[in-house]
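Notes for the structure review
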Amino acid sequence: MTRICDYQGTCYRQQFWEGQDRRYEDLAERIALRALLPPIGETLIEVGAGFGRLASLYRGYRRVVLMDYARSQLEEARRYLSQPERYVMVVADVYNLPFADHLFDAITMVRVMHHLADVPRALAELHRIARPDGIAVIEHANKRHWKAIARWLLRRQSWNPFDPQPVEFAPLHFDFHPAWVRQRLYEAGFIVEQTRSVSHFRLPVLKRLLPAAWLAALDRVLQPSGAWLPFTPSLFLRVRALKPPAARPEAFFICPVCHHPDLIETSGYLRCPRCDRRWSAAGGIYDLRTVNPHRLP
């Protein structure tokens, strides 16, 4: 079974963002996402949406799905967002996405890949749900960033940042070489169109000395250098799904176990008519994780 990083029950919003002086990182990531993501479209999904930190950037899309493996994160998103009813909130597993083929015009996945033990399998699922020529903006932690290079040269780090293989520096925390990520994207059926380097100034001393808005403005100027100097801790890639033309699917959800494309929605749950499983649809959140699905009596 593939290992999954689960943020269920954690105070991610308060402990990682609002209480840890990450205003600069938030601003820099918003700059990159705005630059790479088409501003309008029909359907968009954010994979690993957490508490909805980036949801305000998706106003130009008619239907927006916020997906996360941790239900508690989406419950926090319903409290955090000013109009939570505008979003379809789905608890799901990136390796078994409960959505129809060719469904989404745009996909975003930020601060998620570094938790993925099986990147090729996850990318294959993203490609499956993407529309032909659909755009995905995918962020990954960069193994070959300048701080890792310095630590390695000073012999304060055992792993080589120039080795193309991923490194798991903590349980379910991975850094990836840019060339390795590009190859996995190509194998999944994506072509990389743009790369932006993000968080050039992720140093505590700089964040203490300079306002976050100033650092983000400097980051904006330097981000396009990611095409030829990808040495920052975070890289944002705009990729396009290459696949034959296909009609837009009539279904939205599919059963994540048997992949039947026509779930029946009733009060409080979705039911699969093929395998007779049911999935919670309570509290404004659809829970379609494949762990412990419930059979109808």
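Worth saying up front: this structure is predicted, and the values here are computed from it rather than measured.

1. Digging into helix α8 (residues 212–222)
One full turn of an α-helix is made of 3.6 residues, so residues set three or four places apart face in the same direction. Buried within α8 are the following residues: L215, A216 and D219. One face of α8 carries all of its buried residues, which in axial projection span an arc of 100°. Exposed and facing more than 90 degrees away from the buried side of α8 are W214 and V221. On the buried face of α8, the contacting elements are α2 (23–36), β8 (190–198) and α7 (204–209).

2. Thoughts on the packing of α2 against α8
Describing two packed helices takes the angle between their axes plus the distance from one axis to the other. Two elements in contact, α2 and α8, have axes separated by 9 Å at closest approach and are oriented at 35°. Our pair here, α2 against α8, has a crossing hand that is right-handed. For the pair α2 and α8, contact is made by R23, Y24, L27, A28 and I31 and by A212, A213, L215, A216, D219 and R220, respectively. In terms of residue class, the contact of α2 with α8 is built from 8 nonpolar, no polar and 3 charged.

3. Focus: the pattern of salt bridges
In a structure, side chains of opposite charge can pair up when their charged atoms sit close to one another. All told, the structure shown has 20 salt bridges when counted by the stated rule. The closest approach of N and O atoms between R23 and D26, which form a salt bridge, is 3.6 Å. Of this pair, R23 and D26 both sit in helix α2, 3 residues apart, which is roughly one turn of the helix. By sharing partners, the salt bridges in this structure join R23, D26, E29, R30, R53 and R111 into a single network.

4. Points about the packing of helix α4 (residues 119–129) against helix α6 (residues 178–188)
Where α4 contacts α6, the axes come no closer than 9 Å and their chain directions differ by 45°. Accordingly, the angle class assigned to the pair α4 and α6 is oblique. Here the hand of the crossing between α4 and α6 comes out right-handed. In contact with V119, P120, L123, A124 and H127 of α4, α6 contributes W180, R184, L185 and A188. Grouping the amino acids of the contact of α4 with α6 by side-chain chemistry returns 7 nonpolar, 1 polar and 1 charged.

5. Considering the pairing of strand β9 (residues 234–241)
Of all 8 residues that make up β9, 7 are buried, and the element is covered over most of its length. Pairing geometry for strand β5 (residues 130–141) and β9, over 7 bridges, is antiparallel. Of the residues in β9, the one forming a bridge with I135 is R240. Where β8 meets β9, 8 bridges bridge the pair, whose relative direction is antiparallel. Among the inter-strand pairings, T195 is bridged to a residue of β9, identified as L237.

6. A closer look at the environment of W17
By the secondary structure assignment, W17 is in helix α1 (residues 12–18). Among the residues examined, W17 registers a relative accessible area of 6% and is labelled buried. Considered as a pair, W17 and R53 are 36 residues apart in the sequence and their alpha carbons are 9.5 Å apart. Engagement of the side chain of W17 in a polar contact is seen with the side chain of Y12, the distance being 3.0 Å.

7. Digging into the environment of T290
Mapped onto the elements of the fold, T290 is located in the loop between β13 (285–287) and β14 (294–295). Given the relative accessible area of 24%, T290 is considered partly exposed. Once the C-alpha coordinates of T290 and K207 are considered, the two residues, 83 residues apart in sequence, prove to be 41 Å apart. Leave out the neighbours within four places in its chain, and T290 touches D93, N96, P256, V257 and W279.

Thresholds, definitions, all that
- Residues numbered from 1 in each chain as written.
- Predicted model: local features only at pLDDT ≥ 70, side-chain atom pairs only at ≥ 80, totals over all residues.
- Heavy atoms only, no water.
- Buried < 20%, exposed > 50% of the residue type's maximum accessible area, 1.4 Å probe, protein only.
- Helix = DSSP H or I, 4+ residues; strand = E, 2+ residues; numbered from the N terminus.
- Arc of directions from axis to C-beta.
- Contact = heavy atoms within 4.5 Å.
- Axes fitted to C-alpha atoms, helices over the stretch in contact; angles between N-to-C directions.
- Left-handed = near helix turned anticlockwise from the far one by under 90°.
- Nonpolar A, V, L, I, M, F, W, Y, C, P; charged D, E, K, R; others polar.
- Salt bridge = Lys/Arg side-chain N within 4 Å of Asp/Glu carboxyl O.
- Parallel < 35°, antiparallel > 145°, perpendicular 65-115°, else oblique.
- Pairing = 2+ DSSP bridges.
- Polar contact = N/O pair within 3.5 Å; in protein donor to acceptor, adjacent residues only side chain to side chain.

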